[in-house]
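# Working through the structure, step by step
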Amino acid sequence: MNSLTKKIIARLLKIKPKGFVYFGHGVCDQLKSEYIEQLHITRRQLVELIEFWKDLGVEFLSMDDLLKMRRSGKSSRKPWIHFTFDDGYRNNLTTLLPVMEEYKIPFTVFVTAGLVEKQEYMPTFYIRVAVMYSQKEWECTKTGLKLTNGMNTREKQNLADKLCACYKYLPQNEGVDFINEIKNLLSPDEWSKYKSVYSNDQLMTVDELKSLNNSSLVTIGAHSHSHLIFHEHQSKSDVFYEIKEPKNWLENHLGINTKVMAFPNGTEKDYNAKVVQTVKDAGYQLAFTTHERFIGINDEDLLLPRNFLHPKAGSILKEMLKSIL
Ligand SMILES: [Zn+2]
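## Notes on the packing of aromatic side chains
With the rule as written, the count across this model stands at 19 aromatic pairs. Taking 5.7 Å as the distance between ring centres and 45° as the angle between the ring planes, the aromatic pair formed by F110 and F288 counts as tilted. Of this pair, F110 sits in strand β6 (residues 107–111) while F288 sits in strand β11 (residues 286–288), and the two are 178 residues apart along the sequence. The exposure classification of F110 matches that of F288, with both residues buried. Geometrically, the ring pair formed by Y121 and Y126 is edge-to-face, given 6.2 Å between the ring centres and 65° between the ring planes. For the pair formed by Y121 and Y126, the shared burial category is buried. Of the aromatic side chains, those joined through ring pairs into one cluster are F20, Y22, F52, W53, F60, F83, F85, F107 and F294. In this structure, K269 packs its charged tip against the face of Y169, placed 4.7 Å from the ring centre.

Below, the structure written as structure tokens:
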């Protein structure tokens, strides 16, 4: 870390105490492909990040602290951070938890309970792996985009990114067909091989989730049931089910009454006033987006911003400057 950046951040934290929520996904020992495993950061990067903020005297709040702070309507006098991790990757238990235990830092995991139960992978994992490794020539029925044998790595990555972006905005039933088409690009043997190579993308089992939940540092929140993105093309009944079901599931399997959730994808296209009302009616008290901002007293409890857990702490500087200008 550039020491000037650190000095500027230290100074800005003193001007007006600020708090924010980080959103990450997985934390692993090693990355085999930065592209395929783009949702994970390494243990070393996380430790450096924690040391950076610890050094600046930032407080690491729990989700309970955040709930209390929001209820009181007051902001903290000290700068604070709360760590959250989306989806429910197995390495949240095996790699992230030991680091957080060492530093005694509370964190929240927003788990996609339906995929944990089925031991499924994220749809975007299937897209990235299939496009990078399939030897088949293929034309996507939905988009007309083509995968050809002569494509180089960069071209394949661009294609996979375009397919991911398209997939995210399909209604649920069309999304299922889309992913089935993608799954056909590799044989079952090839899929087991790549799932084992890129094991970071494996979600926890139900038992592993229970064991993570046993840690007093951990809060488990919802992240829809099967990672449905609540955009305008989804049916009302699918959205209702995906908001309500994780609450029942967590109650039945973990015995917890979760009060918090994170919108899958979480951009402004991924919710609307009706979705937020459904979240409220389901009994959630705080819900998190992926708008990258510091949390202010005027933010709505069901649309709280979060900052991407970038391995470099300095990436937050832009947000800090925006918040005081
Ligand atoms: Zn997610």
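## Describing the domain arrangement of the chain
In terms of domain boundaries, the chain breaks down into domain 1 (3–120 + 205–324) and domain 2 (123–199). On a C-alpha basis, the centres of domain 1 and domain 2 stand 27 Å from each other. At the junction of the two partners, domain 1 supplies 20 residues and domain 2 supplies 17 residues. Roughly 1,600 Å² is buried in total at the junction of domain 1 and domain 2, and carbon and sulfur atoms are behind 53% of that figure. Taken together, the links from domain 1 to domain 2 amount to one salt bridge. Among the ionic pairs, E120 bridges to K183, the shortest N-O distance being 3.0 Å.

## As for helix α4 (residues 91–103)
For an α-helix the count is 3.6 residues per turn, leaving residues at separations of three or four pointing the same way. Between its first and last C-alpha, α4 extends 17 Å over 13 residues, near the 18 Å set by a 1.5 Å rise per residue. A maximum bend of about 40° is found in α4 at L97, where proline P98 lies one to four positions downstream. Where α4 ends, the next residue or the one after it, K104, has phi of about 55°, a positive value.

## Points about the side chain of R306
Looking at where R306 falls in the secondary structure, it is placed in the loop between β11 and β12 (307–308). Residue classification places R306 among the buried residues on the basis of a relative accessible area of 0%. Within the structure, R306 has its side chain in polar contact with the side chain of T84 (distance 3.0 Å). For R306, the contacting residues outside a window of four places in its chain are V21, F23, T84, D86, F110, A262, F288, T289, T290, H291, E292 and R293.

## Here we look at the layout of surface pockets
Put simply, the largest pocket is a space of about 520 Å³. For the lining of the largest pocket, the secondary-structure elements that each account for two or more residues are β5 (80–87), α6 (123–133) and α7 (153–168). Ranked by residues supplied to the lining of the largest pocket, first place goes to α7 with four residues. Its residues assigned to classes, the lining of the largest pocket shows nine nonpolar, eight polar and five charged. Each of two domains, domain 1 (3–120 + 205–324) and domain 2 (123–199), supplies a minimum of three residues to the lining of the largest pocket.

## Observations concerning the side chain of E120
With respect to the helices, strands and loops of the structure, E120 is situated in the loop between α5 (113–118) and α6. There is a polar contact of 2.7 Å between the side chain of E120 and the side chain of Y126.

## Quick word on the coordination of the zinc ion
Surrounding the zinc ion are the protein donor atoms D87 (OD), H223 (NE2) and H227 (NE2), at 2.1 to 2.2 Å. Mapped onto the sequence, the residues coordinating the zinc ion show the spacing D-x135-H-x3-H. Taken as a pair, D87 in strand β5 and H223 in the loop between β9 (218–222) and α11 (236–254) lie far apart in primary sequence, 136 residues in all.

## So, the pattern of salt bridges
Here the idea is simple: oppositely charged side chains can pair when their charged atoms come close. As enumerated under the stated definition, the model contains nine salt bridges in all. Residue D301 pairs with R70 through a salt bridge whose shortest N-O separation is 2.8 Å. Of this pair, D301 sits in the loop between β11 and β12 while R70 sits in helix α3 (residues 63–72), and the two are 231 residues apart along the sequence. In this structure, E208 and R90 form a salt bridge, with 3.0 Å as the shortest nitrogen-oxygen distance. Note that E208 is positioned in helix α10 (residues 206–213) and R90 in the loop between β5 and α4, a separation of 118 residues in sequence. On the accessibility criterion, E208 (18% relative accessible area) is buried.

Here is what the cut-offs are and how they apply
Residues numbered from 1 in each chain as written. Predicted model: local features only at pLDDT ≥ 70, side-chain atom pairs only at ≥ 80, totals over all residues. Heavy atoms only, no water. Phe/Tyr/Trp six-rings, centres within 6.5 Å; stacked < 30°, edge-to-face > 60°. Helix = DSSP H or I, 4+ residues; strand = E, 2+ residues; numbered from the N terminus. Buried < 20%, exposed > 50% of the residue type's maximum accessible area, 1.4 Å probe, protein only. Lys NZ or Arg CZ within 6 Å of the ring centre and 35° of its normal. Domains from an automatic or database assignment. Contact = heavy atoms within 4.5 Å. Buried area = accessible area lost by both parts, 1.4 Å probe. Salt bridge = Lys/Arg side-chain N within 4 Å of Asp/Glu carboxyl O. Expected span 1.5 Å × (residues − 1). Bend = angle between axes of the 7 residues up to and from the residue. Polar contact = N/O pair within 3.5 Å; in protein donor to acceptor, adjacent residues only side chain to side chain. 1 Å grid on protein atoms, 1.4 Å probe; cavity = no way out; pocket = protein on both sides within 12 Å on 5 of 7 lines; lining within 4 Å. Points joined across faces, edges and corners; volume = space filled by probe spheres on them. Nonpolar A, V, L, I, M, F, W, Y, C, P; charged D, E, K, R; others polar. Donors = N, O, S within 2.8 Å, 3.2 Å for Na, K, Ca; no water.

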